[in-house]
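Now for the letters of each chain:
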Amino acid sequence: MSTNIIDQLDPGWKAHFEHELSQDYMLQLRAFLKAEIQKGAVVYPPKDQWFNAFLYTPFENIKVVIVGQDPYHGEGQAHGLSFSVPDGVKIPPSLQNIYKELNRDLGIKRPTSGNLEAWAKQGVLLLNASLTVRAAEANSHSKQGWLQFTNACIQYINEHKEGVVFLAWGRFAHDVCAVVDTTKHCVIKTSHPSPLGATKSGKHFTAFLGSGCFSLANEYLTSHNRQPIDWSLDKSG
């Protein structure tokens, strides 16, 4: 992890990163990641993509936040955006269900690529709670400081923005978004889009499949005089 990331960020994120990267927990996380790499552990995504969510989505542009738990831990899958995989990589099951709901909710043809960069560039912050993971070991870096960092990012958005939609998919995301002030932002809670949870509902959340979360997000943005998200990804045809 390098403080050079600050030089690549827009001014809105710079102030936050300058503060957080100087904290003891981030210095410890940096030492942990350096040790992981030095001992030969394979870490995903590649180092230059750890902070892609912030590079693709300037702070000023944030309209929607989608919180994921952990980067994909298979080779070539993770590239720093929650739920997204690079072009040419097989679409994971959770993302397949996301596309299924997009089609049901908005009539959008299911994309052939799992790359969500187009959403990020429109103001959808695709933020994993942990920004790194050891190959083939889910949640292997989750207790090393990343959660404190991403919680601080959510709080920073909560305090310094208004009218942001938080799509909280699954219990973990519900907990992360618990700090959000719903008098100035919108939190839409559903189950997780994974095959294990996509049809489950609870007392305080709806099932992901059938939730209409994408149209609800756009309705909120429109009602607050903000440009809605174009959720379609395949532009050809």
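One can find the structure itself at the top, above this paragraph.
Attention here is on the structure that accompanies the text. (Residues numbered from 1 in each chain as written. Predicted model: local features only at pLDDT ≥ 70, side-chain atom pairs only at ≥ 80, totals over all residues. Heavy atoms only, no water.)

1. Looking at unusual backbone geometry
Alright, step 1. Omega for the bond connecting Tyr44 with Pro45 falls within 30 degrees of zero, at -10°, which places this linkage in the cis form.
Alright, step 2. As for its position among the elements, Pro45 is in the loop between strand S1 (43-44) and helix H4 (52-56).
Alright, step 3. Its identity is not glycine, yet Phe83 carries a phi of approximately 70°, on the positive side.
Alright, step 4. Looking at the secondary structure, you find Phe83 in the loop between strand S2 (64-68) and helix H5 (93-106).
Alright, step 5. Phi is positive for Ala136, close to 65°, though the residue is something other than glycine.
Alright, step 6. With respect to the secondary-structure elements, Ala136 resides in the loop between strand S4 (133-134) and helix H7 (142-160). (Helix = DSSP H or I, 4+ residues; strand = E, 2+ residues; numbered from the N terminus.)

2. So, the side chain of Ser84
Alright, step 1. Residue position: Ser84 is located in the loop between S2 and H5.
Alright, step 2. Looking at Ser84, its side chain comes within polar contact range of the main-chain oxygen of Gly114, at 3.4 Å.
Alright, step 3. When sequence neighbours within four positions are dropped, the list of residues in contact with Ser84 reads Tyr72, Gln77, His79, Gly114, Asn115 and Leu116. (Polar contact = N/O pair within 3.5 Å; in protein donor to acceptor, adjacent residues only side chain to side chain. Contact = heavy atoms within 4.5 Å.)

3. Description of the packing of aromatic side chains
Alright, step 1. Taken as a whole and judged by the stated rule, the model has 20 aromatic pairs.
Alright, step 2. Judged by centre distance (5.4 Å) and plane angle (80°), the rings of Phe17 and Phe149 are edge-to-face. Note that Phe17 is positioned in helix H2 (residues 11-20) and Phe149 in helix H7, a separation of 132 residues in sequence. Each member of the pair, Phe17 as well as Phe149, carries the same accessibility label: buried.
Alright, step 3. For the pair Phe51 and Phe54, a centre-to-centre distance of 6.4 Å together with 50° between the ring planes defines the contact as tilted. Grouping residues by exposure puts Phe51 and Phe54 together as buried.
Alright, step 4. A network of ring pairs unites the aromatic residues Trp13, Phe17, Phe51, Phe54, Phe59, Trp146, Phe149 and Tyr156 as a single cluster.
Alright, step 5. One cation-aromatic arrangement involves Lys161 over Phe59; the distance from NZ or CZ to the ring centre is 5.4 Å. (Phe/Tyr/Trp six-rings, centres within 6.5 Å; stacked < 30°, edge-to-face > 60°. Buried < 20%, exposed > 50% of the residue type's maximum accessible area, 1.4 Å probe, protein only. Lys NZ or Arg CZ within 6 Å of the ring centre and 35° of its normal.)

4. Some words on the nonpolar core
Alright, step 1. Ranked by internal contacts, the top residues of the largest apolar core, which has 70 residues, are Trp13, Phe17, Phe54, Trp119, Phe149, Leu167 and Trp231.
Alright, step 2. Counting residues per element, this core draws most heavily on H7, which supplies six residues.
Alright, step 3. Not counting chain neighbours up to four residues away, the residues in contact with Trp119 comprise Ile66, Ile98, Leu102, Val124, Leu126, Phe214, Asp230, Trp231, Ser232 and Leu233. (Core = buried A, V, L, I, M, F, W, Y, C linked by side-chain atoms within 4.5 Å.)

5. Thoughts on the sheet that holds strand S3 (residues 124-128)
Alright, step 1. Within the open sheet, the four strands sit side by side as S3-S2-S5-S6. Their pairing is parallel. Looking at which strands have only one partner, the edges of the open sheet turn out to be S3 and strand S6 (186-190). The average undirected angle you get between the axes of adjacent strands in this sheet is 20°.
Alright, step 2. This element, helix H9 (residues 213-223), spans S2, strand S5 (165-169) and S6 of the sheet and lies at about 165° to S5. (Pairing = 2+ DSSP bridges. Axes fitted to C-alpha atoms, helices over the stretch in contact; angles between N-to-C directions.)

6. Examining the packing of H2 against H7
Alright, step 1. Contact pair H2 / H7: the axes reach a minimum separation of 11 Å and the direction vectors enclose 140°. Relative to H7, the element H2 lies oblique. The two elements H2 and H7 cross, and the hand of that crossing is right-handed. Each of Gly12, Trp13, Ala15, His16, Phe17 and Glu20 in H2 lies in contact with H7, whose residues at this interface are Phe149, Ala152, Cys153, Tyr156 and Ile157.
Alright, step 2. Split by residue class, the contact of H2 with H7 holds eight nonpolar, two polar and one charged. (Parallel < 35°, antiparallel > 145°, perpendicular 65-115°, else oblique. Left-handed = near helix turned anticlockwise from the far one by under 90°. Nonpolar A, V, L, I, M, F, W, Y, C, P; charged D, E, K, R; others polar.)

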